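Each chain, written out:
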Amino acid sequence: MTQPDLMSEGINLMLFGMGFVFVFLTLLVVSTTVMSKVVGKFDSGEPEPAANRPVVSLNLGPAQDQKLISIITEAIKQHRGQK
Amino acid sequence: MDMVNKLEMLWHGSGVYNMTFGQFVMMVVCVGLLYLAIKKNFEPLLLVPIGFGGLLANIPEAGLAYSSVEQAIHMAKPEVLEALGQVLGVAASDPHALAEAYETSNAELHQAAVNTANDLGYSNGVLYSFYLAVIASGAGPLIIFMGVGAMTDFGPLLANPRTLFLGAAAQFGIFATVLGAVGLTSMGVMDFSLAQAAAIGIIGGADGPTSIYVASVLAPELLGAIAVASYSYMALVPLIQPPIMRALTTQKERQLQMSQLRHVGKTEKIVFPLVLLVLVAILLPDAAPLLGMFCFGNLMKECGVVDRLSDTAQNALINIVTIFLGLSVGSKLVADKFLQPETLGILSLGIVAFAIGTACGVLMAKLMNRFGSIPINPLIGSAGVSAVPMAARVSNKIGLEANPQNFLLMHAMGPNVAGVIGSAVAAGVMIKYVTAG
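Residues numbered from 1 in each chain as written. Chains lettered and ligands numbered in written order. Predicted model: local features only at pLDDT ≥ 70, side-chain atom pairs only at ≥ 80, totals over all residues. Heavy atoms only, no water.

Draft legend 1. Seen up close, the interface of chain B and chain A. Of the residues lining the interface, 43 residues belong to chain B; the matching set on chain A comes to 30 residues. Between chain B and chain A, a total of about 3,400 Å² is buried, with carbon and sulfur atoms accounting for 83% of that surface. Considering only the side of chain B, the residues that lose the most area to chain A are Phe175, Leu179 and Tyr433 of chain B, jointly responsible for 18% of the buried surface there. If you look at where chain B meets chain A, you find 2 residue pairs in polar contact (both at pLDDT 80 or more). Elements supplying a minimum of two residues to the side of chain B that touches chain A: α12 (164-169), α13 (172-186), α14 (194-201), α19 (266-283) and α26 (409-436) of chain B. (Contact = heavy atoms within 4.5 Å. Buried area = accessible area lost by both parts, 1.4 Å probe. Polar contact = N/O pair within 3.5 Å; in protein donor to acceptor, adjacent residues only side chain to side chain. Helix = DSSP H or I, 4+ residues; strand = E, 2+ residues; numbered from the N terminus.)

Put into structure tokens, the structure is as follows:
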């Protein structure tokens, strides 16, 4: 391969490569967005435990603590009662 | 008299007597790598095995890094050279010509030469065996990529898919460097083929396993220098990137706060690697080894039913492979292969690749800000070069400097993992282009 040829090969590789990377990732953006929408439709009722946890642990005064314990005990009772 | 002869023999067999200047220099370089890894904490997980492998490879006469044929040629017993010369069809008198013929021989002659050397009682050095098993086979980098997949959380990327564009823009560093390497060749400064230029460019992908994979496919002879450059610069990300990021952004842009990322459901995270794999299968089968293993690792993590496999992939397995990969890369740091003017070229082109990639990521983020509705802090653009998670941490740090309430880490993880995908795609394109042309 002669020198100027190598240079034009390099430029071709750059244009081709960069173009392809962009096309590929653009398609990935599109398909990801579509996928998220589709999935979102099917399980929109999914619980979000991560969002709830810190709220509970933040406002733990002694009074609320008591209240919480009674609620939990009641819940466990009901749960056992179901069986 | 006999005693003196024996002593002389011992002396001639010692390391000090046989040490060449190149080997000495390489040992100093390897000790330097170890120093950087241990004392300065530069990518120690890789630079410790690489540095130590390099030390082992340069022990005179031990030949740990040489194949059986290279050992046989090095020992230079006349009858052995004669036999190898016959197999390879070269005059046996010149060991250099013999070694050259062995390097360039086709698979059949290559195997015949190996068989001859084995018959004559020479065997592969242990580091060379590691190299054959881990790098020449292509297995090592791919297993590491699987582990990286199992460690990657695509949540931030899925919450804001547009950050994929930042990962794409930062790959410009790769191709600009290819152009640089080719340009140096045209000017007659260096002598790189297109395949070698492509392998050097991938340093700009800032992704160790991808660099090693591409180098092993396109330019195995440059592998040592490319791997060392790649991992050293990844360690230097906190030094290389900030000046470029500061130069390209205004104080106001750096202070920009981004909106909270939405919650990403489990199903989305499970489906994403499959979507990615389908796209790879449709568009770019050449990237399938890298991205296929990556998707597999990620699916194991997200599906939640094979925690044991996922745990092994991201801990035990990746650690085992890292040890052997590091030693194998170290075996490529032998003096006669590493101490070449090309190495300097590779090291300087590599840092240029990093700089250009960073700059393009930042500029792309500014461009997207101009046209998009959701504000994007340009600092996260630099994370598009991959180098997970170092580059994202750098974005976060610079963001906090400008505005103490500005936590960019999670936002920067999006372009960061996009960069991994982007450099794997770029790797696939280059392998395709170079091997087809």
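Structure's up, so let's keep going.
Draft legend 2. Here's a closer look at the pattern of salt bridges. Residue and element names in this part refer to chain B. Within this structure, the stated rule accounts for 8 salt bridges over all chains. Note that Arg246 is salt-bridged to Glu401, the shortest N-O span being 2.9 Å. On the criterion of sequence distance, the pair formed by Arg246 in helix α17 (residues 237-248) and Glu401 in helix α25 (residues 390-402) is long-range, its members being 155 residues apart. Among the ionic pairs, Lys432 bridges to Asp286, the shortest N-O distance being 3.9 Å. With Lys432 in helix α26 and Asp286 in the loop between α19 and α20 (288-303), the pair connects residues that are 146 residues apart, well separated along the chain. (Salt bridge = Lys/Arg side-chain N within 4 Å of Asp/Glu carboxyl O.)

Draft legend 3. Local environment of the confidence of the model for chain B. Residues and elements named next belong to chain B. Looking at chain B, pLDDT values average 91 and 99% of them are 70 or higher. Within chain B, the lowest mean pLDDT, 83, falls on helix α7 (residues 95-104), and the highest, 96, falls on α20. Across the interfaces of the predicted complex, the ipTM metric reaches 0.88, alongside a pTM of 0.86. (pLDDT = per-residue confidence, 0-100.)

Draft legend 4. Quick peek at the nonpolar core. Counting 145 residues, the largest nonpolar core has Phe24 of chain A together with Ile50, Phe272, Ile346, Ile421 and Val425 of chain B as its most contacted members. Broken down by element, this core gets its largest block of residues, 15 residues, from α26 of chain B. Once residues lying within four places of it in the same chain are set aside, the contact partners of Phe24 of chain A are Leu276, Leu279, Val280, Leu283, Ile421 and Val425 of chain B. In terms of nonpolar packing, the next biggest core, distinct from the first, is built from 5 residues, Ala57, Ala65, Leu327 and Val334 of chain B among them. (Core = buried A, V, L, I, M, F, W, Y, C linked by side-chain atoms within 4.5 Å. Buried < 20%, exposed > 50% of the residue type's maximum accessible area, 1.4 Å probe, protein only.)

Draft legend 5. Structural context of the packing of aromatic side chains. Residues and elements named next belong to chain B. The full count for this structure, using the stated rule, is 8 aromatic pairs over all chains. Look at Phe154 and Phe272: their rings are 4.7 Å apart centre to centre, the planes differ by 55°, and that puts the pair in the tilted class. Residue Phe154 is located in the loop between α10 (139-151) and α11 (155-159), and its partner Phe272 is located in helix α19; the two are separated by 118 residues in the primary sequence. Overall, Phe154 belongs to the buried group, its relative accessible area being 2%. Taken together, the aromatic side chains of Phe145, Phe154, Phe272 and Phe294 make up a single cluster linked through ring pairs. Taking NZ or CZ as reference, Lys332 lies 4.2 Å from the ring centre of Tyr131, over its face. (Phe/Tyr/Trp six-rings, centres within 6.5 Å; stacked < 30°, edge-to-face > 60°. Lys NZ or Arg CZ within 6 Å of the ring centre and 35° of its normal.)

Draft legend 6. Seen up close, the packing of α10 of chain B against helix α21 (residues 307-314) of chain B. Residue and element names in this part refer to chain B. Look at α10 against α21: their axes get within 8 Å of each other, and the N-to-C directions meet at 120°. Accordingly, the angle class assigned to the pair α10 and α21 is oblique. As for how α10 packs across α21, the hand of that crossing is left-handed. Residue-level inspection shows Met146, Gly147, Ala150 and Met151 of α10 in contact with α21, the latter providing Ser310, Ala313 and Gln314. The residue makeup of the contact of α10 with α21, split by class, is 4 nonpolar, 3 polar and no charged. (Axes fitted to C-alpha atoms, helices over the stretch in contact; angles between N-to-C directions. Parallel < 35°, antiparallel > 145°, perpendicular 65-115°, else oblique. Left-handed = near helix turned anticlockwise from the far one by under 90°. Nonpolar A, V, L, I, M, F, W, Y, C, P; charged D, E, K, R; others polar.)

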